[in-house]
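Overview (structure and organization)
What follows is each chain in one-letter form.
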Amino acid sequence: MATIEECRAALEKLSDNMQNAEGDTATAASMDRSVSCRITDLDVTFVGRMTGGRIVVHDTLQGPPKEKAQIRLTMSGDDLVALVNGELNFAKAWGSGRVKLEAGLRDLFQLRKLL
């Protein structure tokens, strides 16, 4: 089972990848939205903001987030690490229910360029 530190490192790596994106992916990465990433097996939620082509984590909360972020991810810590390392395909994980992504319709269309 991935630790909180490994999950935070995975989010940092994802943020680095987003900052180095080009073309349509860079456009999607440049959105300015509140973000939460709930790690179910650790019962923690990373909350922050996607801004300037990066994900900035502001806080780590125990349990579910108190406020609803504009972009919400839910998954296990191992799945987060595997996704960021390229070992788990996002579309397959999302389709099978291993990863949950919630956002407004417009944001979902932009995010598909990233994922």
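Bear in mind that the values here come from a model prediction, so they are computed numbers and not experimental data.

Scanning the protein from N- to C-terminus turns up five helices and five strands. Counting from the amino terminus, the protein carries its helices and strands in the arrangement α-α-β-β-β-β-α-α-β-α. Along the longest, intermediate and shortest principal axes, the C-alpha atoms of the protein span 35 × 30 × 25 Å. Here the protein holds 115 residues, and the buried ones make up 42% of them. Once local pairs closer than 6 in sequence are excluded, the contacts in the protein between residues at least 24 apart make up 59%. When the accessible surface of the protein is split by element, carbon and sulfur atoms take 50% of a total near 6,500 Å². Both charge centroids of the protein, one from 15 positive and one from 16 negative side chains, sit 7 Å from each other.

Further remarks concern the packing of helix H1 (residues 4-19) against helix H3 (residues 77-84). Contact pair H1 / H3: the axes reach a minimum separation of 9 Å and the direction vectors enclose 30°. Here H1 is positioned roughly parallel relative to H3, judged by the angle of their axes. Considering only the axes of H1 and H3, their crossing is left-handed. Where H1 abuts H3, its residues Glu-6, Cys-7, Ala-10, Leu-11, Lys-13, Leu-14 and Asn-17 lie against Gly-77, Leu-80, Val-81 and Val-84.

Turning our eyes to something else, we now look at the nonpolar core. The nonpolar side chains of a soluble globular protein tend to be buried, and buried together. Of all hydrophobic cores here, the largest spans 29 residues; its most connected members are Ile-39, Ile-71 and Leu-80. The set of elements that each furnish at least two residues to this core consists of H1, strand E1 (33-39), strand E2 (44-51), strand E4 (71-75), H3, helix H4 (90-96) and strand E5 (100-103). Those residues in contact with Leu-80 that lie beyond four places of it in its chain are Cys-7, Ala-10, Leu-11, Cys-37, Ile-39 and Met-75.

A few words on unusual backbone geometry. For Asp-43, which is not a glycine, the phi torsion comes out positive at approximately 55°. Tracing the chain through its elements places Asp-43 in the loop between E1 and E2.

Here the focus is the sheet that holds E4. The five strands lie next to each other as E3-E2-E1-E4-E5, forming an open sheet whose pairing is mixed. One side of each edge strand has no neighbouring strand; the edge strands of this open sheet are strand E3 (54-62) and E5. Between one strand axis and the next, the sheet turns through 20° on average, direction left out of account. Here E1 runs beside E4; their pairing, made up of five bridges, is parallel. Within the sheet, the bridge partner assigned to Ser-36 lies in E4 and is Arg-72. Of the strands in this sheet, E1, E2 and E3 are in contact with H1, which crosses E3 at around 160°. Strand contacts of H3: E1 and E4, with the helix running at about 110° to E4, the strand carrying the most contacts.

One pass over the structure, following the stated rule, counts seven salt bridges. Note that Asp-32 and Arg-49 form a salt bridge whose closest N and O atoms lie 2.8 Å from each other. Linking Asp-32 in the loop between helix H2 (23-29) and E1 with Arg-49 in strand E2, this pair joins segments that are 17 residues apart in sequence. Accessibility expressed as a relative area gives 40% for Asp-32, which makes it partly exposed. Judged by its relative accessible area of 30%, Arg-49 falls in the partly exposed class. Residue Glu-102 pairs with Arg-72 through a salt bridge whose shortest N-O separation is 3.8 Å.

Criteria and thresholds
- Residues numbered from 1 in each chain as written.
- Predicted model: local features only at pLDDT ≥ 70, side-chain atom pairs only at ≥ 80, totals over all residues.
- Heavy atoms only, no water.
- Helix = DSSP H or I, 4+ residues; strand = E, 2+ residues; numbered from the N terminus.
- Buried < 20%, exposed > 50% of the residue type's maximum accessible area, 1.4 Å probe, protein only.
- Contact = heavy atoms within 4.5 Å.
- Areas by Shrake-Rupley, 256 points an atom, 1.4 Å probe, with all protein chains shown as cover.
- Lys, Arg positive; Asp, Glu negative; His and termini not counted.
- Charge placed at Lys NZ, Arg CZ, Asp CG, Glu CD.
- Axes fitted to C-alpha atoms, helices over the stretch in contact; angles between N-to-C directions.
- Parallel < 35°, antiparallel > 145°, perpendicular 65-115°, else oblique.
- Left-handed = near helix turned anticlockwise from the far one by under 90°.
- Core = buried A, V, L, I, M, F, W, Y, C linked by side-chain atoms within 4.5 Å.
- Pairing = 2+ DSSP bridges.
- Salt bridge = Lys/Arg side-chain N within 4 Å of Asp/Glu carboxyl O.

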